[in-house]
Amino acid sequence: MNSNTILEGLNPPQREAVEFGDGALLILAGAGSGKTKTLTHRIAYLIATDKAKPWEILAATFTNKAAGEMRERLATILGQENTRGFMPWMGTFHSLAVRILRQYGENIEIPKNFVILDDSDRLGMVKTAMKEIGVTEKQYTPRSIMSMISNAKNDCLTPTEYAEIAQAPNQQVAADIFPRYERLRKNGKALDFDDLLLETVRLLKNVKEVRDELRAKLKYILIDEYQDTNKAQYQIVKLLLNDAKNICAVGDDWQSIYSWRGADFTNILNFERDFPGAKIIKLEQNYRSTEAILNAAHNVISKNLQRSDKKLWTDQKGGSPVRIVPAMTETHEAEILVQKIRSEVDLRVRKYDDFAVLYRTNAQSRVIEEVFLRYGVPYKIVGGTRFYDRAEIKDLLAYLKLIYQPFDSASFQRIVNVPKRGLGDTSVAKFVAWQNMSGMSVVDALLNVELCNDITPRARESFLKLGNDLSDIAKLIEQLSPDEVIEKIVNKFDYRDYLSDGTPQAESRLENVAEFIGVAKSYADLGLAGFLEEVALVSSADQSAESAVTLMTLHAAKGLEFPAVFMVGMESGIFPGAKAEFDPAAMEEERRLCYVGMTRAREDLVLTFAQSRFLYGARQYNLPSPFLGDVDENFVKDSILQNNFYSSSLSDSFRQSSDQRLDYPNKSGNDGFGGLATTNAEPRFVPDDLELEIGDKVKHQIFGTGTVIKIEKSIVTVDFGVGKLKKLNVSFAPLKKL
DNA sequence: CGGTTGCACTTTTTT
DNA sequence: AGTGCAACCG
């Protein structure tokens, strides 16, 4: 590949960044300014000009998805096979850390086959530790303690160091729990997400040979989303850099939205201090959004005081104005989306996958899903209750982890009585205490349970059987692929029988198990260790091929773009969240989040809010988000609404908005918000009096023709062929009997 | 020991 | 609304 070809199609600052030679380089890249492109081309350029071999380059990204995307683009540019061996080292800091620790961790007493704790494992350990010192969950929520411990770890503090600086009462409690949590974790030969980074720092700091080996190997280090790196990540970078200091960081402080997780965007503002003589290049031309969208987004972010100064500009003058649309209720809000999406899809102006719906919290997705399902709008959810969070998958994973790492007590406690084997809290507590004293692994302790007094003969028998079953499978893991191991587990423990409990959910659980085995199969080449790592670190890779609207949180949307974007729930207390109300720094972060959301849109941006919303079991009346008022009314369609935003009393606000509701759809005419918008929470489709039976052929507007395979009251399950099962409500779904 | 019932609380955001 | 947890009973 010719290095000049790599420079084609880059604007002057992008090109400068790509061609920049050795030393420290900071690229301040505004939203949509071709950040990934620049980074990828720079890597390609380094390779093409022979500055470095692929394996001498390390690129840290924020998500695995971003790494995958870069890998793909790089392969295209270089015209090489997208094979693992050829590619530079690309991945999240966490996955890079896992790799380093698996290879070199034994130098600092980290077992090669450590397991990675997920959130609920961590929470469980915090709860156990809280019980030990007699702190109730009423006094302090386990979650808040966990986040304090997590923050301490992200600041690279040991339990002792944290105890020294702990001031407030809650910090002192956390300081008391911290070492206990650590003990539990270490007993299980486990690392949590924060440890992955922290232990990597410790390894690189303390083991000179490893540090030197990696420094000699890695000639160029590139970091994406630099504004979202935390202290530990920053230290890893510093420790990996050799004397040439070939670091290239890309970031945008305006898009820093992870400070709650320890990210520190001031590192971007301090780059010059950290790397004296660093070159700074700004990318300010936006290639993504129209001028109207960019201006509106700029209005919002401008209210922040803590930010670098830059001005994004675009060639795409004009564009359709940003819309601010009021809704009566959360259901009505979703129906507005349906109306707009449907009409544009029907007119072939857009496809379903041109749309994204962004919300502040995952809980908001449910109503939207319900309404989309009702009206037959196909959608896919990114994130949310993830596949790997489902109970049946977590059970199987726990078995898998325990077999892989026989010390993994957290996993053991999850599955010890799943399926039921007559082992209750009392017996398990006794066993765990004894196992801890004995120093044996969980599995060894199970096999030697007869040495443990104080356990009833019946329970003892049960423990022994479990131990035998587990070690039977453990003997096979060398020869079997991950999916075969799971299959063995499922069979040995009659797990399918356990799931078939006669409840309506049983079927989907069994499907999930099948899917899990399928996923494992696709990772067969990674082996069990690789598979477990993938599962622990990868967010749900939802790759449904069919065209569908994307639903996700604002956080999950970072780095993505869509022709049309809806931001829903633009209400005070939702977005910005209630917790930001009296916290200026948090408010600035919410504002950045709003900016991130708005700048995902290429052509159309619609902001919606509801007069009332059902939340936490009660109907709430929220004021429109202050961010809506920040948008200059010149950039907004129907800006007349703005005058009503800050009505003094809630009832006032409600009444005025009711008037708007009557007014609005007509005024909008046929621009996509008519019709449905006048309906309230009630669905409009009149049930067709479909008399369906199992086996009937039906036709659905979106999904096509299918066969009814199950009927529960008004919910029918229809098989639309090749495994496309859909649950539909006959009362609402546009179904026709054939 | 295990299942059931009733109560309380939840909500940021994610590797 | 749904879930998770504690207390109670069979």
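For the structure, see preceding data.
Residues numbered from 1 in each chain as written. Chains lettered and ligands numbered in written order. Predicted model: local features only at pLDDT ≥ 70, side-chain atom pairs only at ≥ 80, totals over all residues. Heavy atoms only, no water.

(A) Highlighting the sheet that holds strand β3 (residues 89-92). The sheet built from 6 strands is open, its strands ordered β3-β2-β6-β7-β1-β8 with parallel pairing. Of all the strands in the sheet, just β3 and β8 (279-283) have a single pairing partner and so form its edges. Within this sheet the neighbouring strands show an average axis-to-axis angle of 15°, counted without direction. Across the sheet, helix α2 (residues 12-19) lies against β1 (25-29) and β8, angled at about 145° from β8, the strand it touches most. Helix α3 (residues 35-48) rests against β1, β2 (57-61), β3, β6 (220-223), β7 (247-251) and β8 of the sheet, and its axis sits at about 170° to β6. (Pairing = 2+ DSSP bridges. Helix = DSSP H or I, 4+ residues; strand = E, 2+ residues; numbered from the N terminus. Axes fitted to C-alpha atoms, helices over the stretch in contact; angles between N-to-C directions. Contact = heavy atoms within 4.5 Å.)

(B) Expanded view of the protein's contact with DNA strand C. In the region of DNA strand C, the neighbouring residues are Lys-127, Tyr-616 and Gly-617. Measuring from a phosphate oxygen of DNA strand C, one finds a side-chain N or O atom of Lys-127 at 2.7 Å. (Near = heavy atom within 4 Å. Polar contact = N/O pair within 3.5 Å; in protein donor to acceptor, adjacent residues only side chain to side chain.)

(C) Structural context of the side chain of Arg-421. Mapping Arg-421 onto the fold places it in the loop between α19 (409-415) and α20 (425-438). Looking at Arg-421, its side chain comes within polar contact range of the side chain of Tyr-399, at 2.9 Å. Residues within four places of Arg-421 in sequence aside, it is in contact with Tyr-399, Ile-415, Val-416, Ser-462, Leu-466 and Phe-493.

(D) Looking closely at the environment of Thr-128. Considering the arrangement of structural elements, one finds Thr-128 in helix α6 (residues 119-132). Residues Thr-128 and Leu-623, spaced 495 residues apart in sequence, show a C-alpha to C-alpha distance of 41 Å.

(E) View of the packing of aromatic side chains. Evaluated as defined, the whole model comprises 16 aromatic pairs. With centroids separated by 5.5 Å and ring planes inclined at 80°, the aromatic side chains of Trp-254 and Tyr-595 adopt a geometry described as edge-to-face. You can see Trp-254 sitting in the loop between β7 and α13 (266-269) and its partner Tyr-595 sitting in helix α27 (residues 584-598), a full 341 residues away along the chain. Each member of the pair, Trp-254 as well as Tyr-595, carries the same accessibility label: buried. Taking the centre distance of 5.4 Å and the plane angle of 45° together, the rings of Phe-412 and Phe-431 count as tilted. Of this pair, Phe-412 sits in helix α19 while Phe-431 sits in helix α20; the two residues are 19 residues apart in sequence, bridging distant segments of the chain. Grouped by ring-pair contacts, the aromatic residues Phe-412, Phe-431, Trp-434 and Phe-463 constitute a single cluster. Between Lys-189 and the ring centre of Phe-407, over which it is positioned, the NZ or CZ distance is 4.2 Å. Note that Lys-217 overlies the ring of Trp-89, its terminal NZ or CZ placed 5.0 Å from the centroid. (Phe/Tyr/Trp six-rings, centres within 6.5 Å; stacked < 30°, edge-to-face > 60°. Buried < 20%, exposed > 50% of the residue type's maximum accessible area, 1.4 Å probe, protein only. Lys NZ or Arg CZ within 6 Å of the ring centre and 35° of its normal.)

(F) Region of interest: the nonpolar core. In terms of nonpolar packing, the biggest core is built from 74 residues, with Phe-412, Phe-431 and Phe-463 touching the most fellow members. Among the elements that take part in this core, helix α18 (residues 391-404) stands out by supplying 9 residues, more than any other. Discounting residues that sit within four places of it in the chain, Phe-412 has contacts with Leu-402, Phe-431, Val-432, Val-442, Leu-446, Phe-463 and Leu-466. (Core = buried A, V, L, I, M, F, W, Y, C linked by side-chain atoms within 4.5 Å.)

(G) A look at the protein's contact with DNA strand B. Lining the immediate environment of DNA strand B, one finds 24 residues, of which Arg-360, Thr-426, Ser-427, Lys-579 and Tyr-616 sit closest. Between DNA strand B and Arg-261 there is a distance of 3.4 Å, counted from a sugar or linking oxygen to a side-chain nitrogen or oxygen. Within the contact set of DNA strand B, a phosphate oxygen lies 3.1 Å away from a backbone nitrogen or oxygen of Gly-422. When its residues are assigned to classes, the surface near DNA strand B shows 6 nonpolar, 12 polar and 6 charged. (Nonpolar A, V, L, I, M, F, W, Y, C, P; charged D, E, K, R; others polar.)

(H) Up close: the pattern of salt bridges. Within this structure, the stated rule accounts for 47 salt bridges. Between Arg-73 and Glu-69 there is a salt bridge, with the nearest N and O atoms lying 3.4 Å from each other. Of the two residues, Arg-73 and Glu-69 are both situated in helix α4 (residues 64-78); the distance of 4 residues between them amounts to about one turn of the helix. When its relative accessible area of 33% is taken as the criterion, Arg-73 is described as partly exposed. (Salt bridge = Lys/Arg side-chain N within 4 Å of Asp/Glu carboxyl O.)

(I) The pairing of strand β13 (residues 562-567), seen in detail. Taken across its 6 residues, β13 has 6 buried, putting it largely inside the fold. Bridge analysis of strand β10 (residues 355-359) against β13 gives 4 bridges, and the strand direction is parallel. Residue pairing across strands places Val-357 opposite Phe-566, the latter belonging to β13. Each parallel crossover has a hand, and for β13 linked through α27 to strand β14 (residues 601-610) it is right-handed. (Right-handed = clockwise from strand over helix to strand, strands pointing away.)

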